[in-house]
Amino acid sequence: MLKFALKRLAFTPLSLLFVSLVSFCVLRVTGNPIDTYLDVNRTDEQVAALTARLHLDQPLPVQFLIYLKDLLRGDFGDSLQFGGPALYVVLERTGASIELLIASLLLAVSVGILTGVLCSIFKDRFVDLIVSTLAVASQSMPSFWLGILLIQFFAVKAQILPTSGRGGISHLVLPAVTLAAYLLPNIVLITRTSMLETLREQFTVTALAKGLSRKRMIFLHALPNALNPIISFVGLQIGRLMGGAIITETIFAWPGIGRLMVGSIFQRDVPVVIAGIVIISLVIVLANLAVDLLLSVNDPRVRLD
């Protein structure tokens with residue numbers, strides 16, 4: 001397992017290099033960086049100074065090498081809004097985004113697995129029909145619409161939860177539920193299907209024939225063997241979940257990277273946007289590595305070496 005983890009970590013710089021190349025190309029293709037940084041009231045002296053600072057007088061390959069050298073040193077430039085290094089601005093918001101991501105993942109996975117197991121136990125009964133129908137219908141529900149509904153009901157009318165901001169557990173409930181709803185329906189359906197296939201296997205019949213209770217057979221034997229598709233699905237959805245967090249953080253004024261990047265785009269704060277993209281990419285790469293390691297722990301048959 002250690003060998004596999006080291007191999008995956010060795011490919012991390014390649015992933016970040018690709019992300020850096022894409023961000024550099026997008027920055028150059030979308031227009032002149034001078035127009036991005038300076039407004040219409042700029043002077044010739046300001047244009048000349050910024051051209052020299054950004055090395056825009058150099059060929060594009062040279063510009064990219066200089067750009068890459070700055071990224072390797074963690075130098076994304078100074079934020080136009082906050083007046084300090086862009087990397088520090090993003091890192092200050094990273095903790096809030098990771099907190100929201102972990103809370104929503106725990107909620108979606110725990111509720112989704114338990115609900116999916118319940119549906120497989122009561123297959124084709126009333127509970128299974130209702131939960132499966134709701135799961136399919138929930139897949140078409142936009143997260144921003146759900147977030148607004150939750151604010152309207154629990155914060156405005158019931159007044160039992162805060163509308164926005166970051167503080168105690170009460171501030172985390174609505175954003176975590178909104179973001180968890182992004183994955184929950186799929187986890188329920190995948191768990192149900194995987195459990196139904198596992199319960200047809202011979203080892204489950206043998207376990208029951210040897211006198212093991214149905215409850216112990218389901219949670220000690222069937223469920224661990226049904227987790228592989230769920231773990232793989234969660235690993236594939238980490239990136240989409242981070243994308244969904246941008247909308248969720250904006251709705252609930254959650255001080256994370258997503259909300260920071262939205263504000264930075266409107267303020268044309270390119271250094272912060274680039275730093276945010278790189279940090280989010282790094283989080284996604286490390287999260288997928290953790291998912292692969294968890295998959296190997298759950299199923300020793302997976303030969304990672």
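The rules we used
Residues numbered from 1 in each chain as written. Predicted model: local features only at pLDDT ≥ 70, side-chain atom pairs only at ≥ 80, totals over all residues. Heavy atoms only, no water. Helix = DSSP H or I, 4+ residues; strand = E, 2+ residues; numbered from the N terminus. Buried < 20%, exposed > 50% of the residue type's maximum accessible area, 1.4 Å probe, protein only. Contact = heavy atoms within 4.5 Å. Areas by Shrake-Rupley, 256 points an atom, 1.4 Å probe, with all protein chains shown as cover. Lys, Arg positive; Asp, Glu negative; His and termini not counted. Charge placed at Lys NZ, Arg CZ, Asp CG, Glu CD. Salt bridge = Lys/Arg side-chain N within 4 Å of Asp/Glu carboxyl O. Patch = residues over 30% accessible without salt bridge, like charges linked within 9 Å, V, L, I, M, F, W, Y side chains within 5 Å. Axes fitted to C-alpha atoms, helices over the stretch in contact; angles between N-to-C directions. Parallel < 35°, antiparallel > 145°, perpendicular 65-115°, else oblique. Left-handed = near helix turned anticlockwise from the far one by under 90°. Expected span 1.5 Å × (residues − 1). Phe/Tyr/Trp six-rings, centres within 6.5 Å; stacked < 30°, edge-to-face > 60°. Core = buried A, V, L, I, M, F, W, Y, C linked by side-chain atoms within 4.5 Å.

Engineer: Tell me what's going on with the overall build of the chain, and back it up with residues and numbers.
Structural biologist: On a plain count of helices and strands, the chain comes out with 13 helices and zero strands. C-alpha atoms of the chain, sized along the principal axes, occupy 85 × 55 × 30 Å. The buried share of the chain, taken over its 305 residues, is 39%. Restricting to contacts in the chain with at least 6 residues of sequence separation, those with at least 24 account for 74%. Of the roughly 16800 Å² of accessible surface on the chain, 66% is carried by carbon and sulfur atoms. One way to put it: in the chain the 24 positive side-chain charges average out to a point 14 Å from where the 19 negative ones average out.

Engineer: Go over the pattern of salt bridges, please, and point to the residues and values.
Structural biologist: Evaluated as defined, the whole model comprises four salt bridges. A salt bridge links Arg73 to Asp75, with the nearest nitrogen and oxygen atoms 3.8 Å apart. Arg166 is paired through a salt bridge with Glu99; the nearest N and O atoms lie 2.6 Å apart. Highlighted residues: Arg166 in the loop between helix H7 (143–157) and helix H8 (169–180) and Glu99 in helix H5 (residues 86–121), separated in sequence by 67 residues.

Engineer: Break down a nonpolar patch on the surface for me, with residues and values.
Structural biologist: A contiguous nonpolar patch, built from Leu118, Phe122, Phe126, Val127, Ile130 and Leu134 and spanning about 530 Å² of accessible area, is present on the exposed surface. Within the secondary structure, Leu118 is located in helix H5.

Engineer: So, the packing of H5 against helix H9 (residues 184–199): which residues are in play, and what are the values?
Structural biologist: Interhelical geometry of H5 versus H9 gives an angle of 40 degrees and a closest axis separation of 7 Å. Considering their axes alone, H5 and H9 lie oblique with respect to each other. In the packing of H5 onto H9, the handedness of the crossing is right-handed. Listed contacts from H9 to Ala108, Val109, Val111, Gly112, Ile113, Thr115, Gly116, Val117, Cys119 and Ser120 of H5 are Leu184, Ile187, Val188, Thr191, Arg192, Met195, Leu196 and Leu199.

Engineer: Could you give an account of H8, naming the residues involved and the relevant values?
Structural biologist: For H8, built from twelve residues, the straight-helix expectation of 16 Å at 1.5 Å per residue is met to within 8% by its first-to-last C-alpha distance of 16 Å. Taken as a whole, H8 has its buried residues at Leu172, Leu174, Pro175, Ala176, Thr178, Leu179 and Ala180.

Engineer: How would you summarise the packing of aromatic side chains if you had to cite specific residues and measurements?
Structural biologist: Considering all chains together, one arrives at one aromatic pair under this definition. With a centroid separation of 4.9 Å and an interplanar angle of 85 degrees, the aromatic rings of Phe153 and Phe154 are classed as edge-to-face. Owing to a relative accessible area of 47%, Phe153 belongs among the partly exposed residues under this scheme.

Engineer: Tell me about unusual backbone geometry, and please be specific about residues and values.
Structural biologist: For Asp124, which is not glycine, the phi dihedral falls at a positive 65 degrees. When you line up the elements, Asp124 lands in the loop between H5 and helix H6 (126–138). A relative accessible area of 59% means that Asp124 is categorised as exposed. A positive phi angle, near 50 degrees, is found at Ala253, a position not held by glycine.

Engineer: How would you summarise the side chain of Ser97 if you had to cite specific residues and measurements?
Structural biologist: Position of Ser97 among the secondary structure elements: in helix H5. Taking relative accessible area as the criterion, Ser97 reaches 7% and is therefore assigned buried. Residue contacts for Ser97: discarding those within four places in its chain leaves Glu249, Trp254, Gly256, Ile257 and Gly258.

Engineer: A description of the nonpolar core should follow, citing residues and the corresponding values.
Structural biologist: Formed by 61 residues in total, the largest nonpolar core has its most connected members in Phe76, Val90, Leu105, Ile113, Leu183, Ile187 and Met195. The leading source of residues in this core is helix H11 (residues 214–251), at 14 residues. Excluding its chain neighbours within four sequence positions, the residues that come into contact with Phe76 are Leu71, Ala86, Leu87, Pro271, Ile274, Ala275 and Val278. In this structure, Leu146, Leu150, Leu161 and Leu174 belong to the second largest nonpolar core, which totals seven residues.

Engineer: Help me get a handle on the packing of H5 against H6, residues and values and all.
Structural biologist: Two elements in contact, H5 and H6, have axes whose closest approach is 8 Å; the angle formed by their N-to-C orientations is 140 degrees. By the angle class used here, H5 and H6 are oblique. You can see that H5 and H6 cross each other, and the crossing is left-handed. Residues Thr115, Leu118 and Cys119 of H5 touch H6, and the partners they reach there are Val127, Asp128, Val131 and Ser132.

Engineer: Please provide a residue-by-residue account of the side chain of Ser79, values included.
Structural biologist: As for its placement among the helices and strands, Ser79 is situated in the loop between helix H4 (60–72) and H5. On the basis of relative accessible area, Ser79 is assigned to the buried category, the value being 4%. In this structure, Ser79 is in contact with Gly84, Pro85, Ala86, Val89, Asp269 and Val272, ignoring residues within four places of it in sequence.

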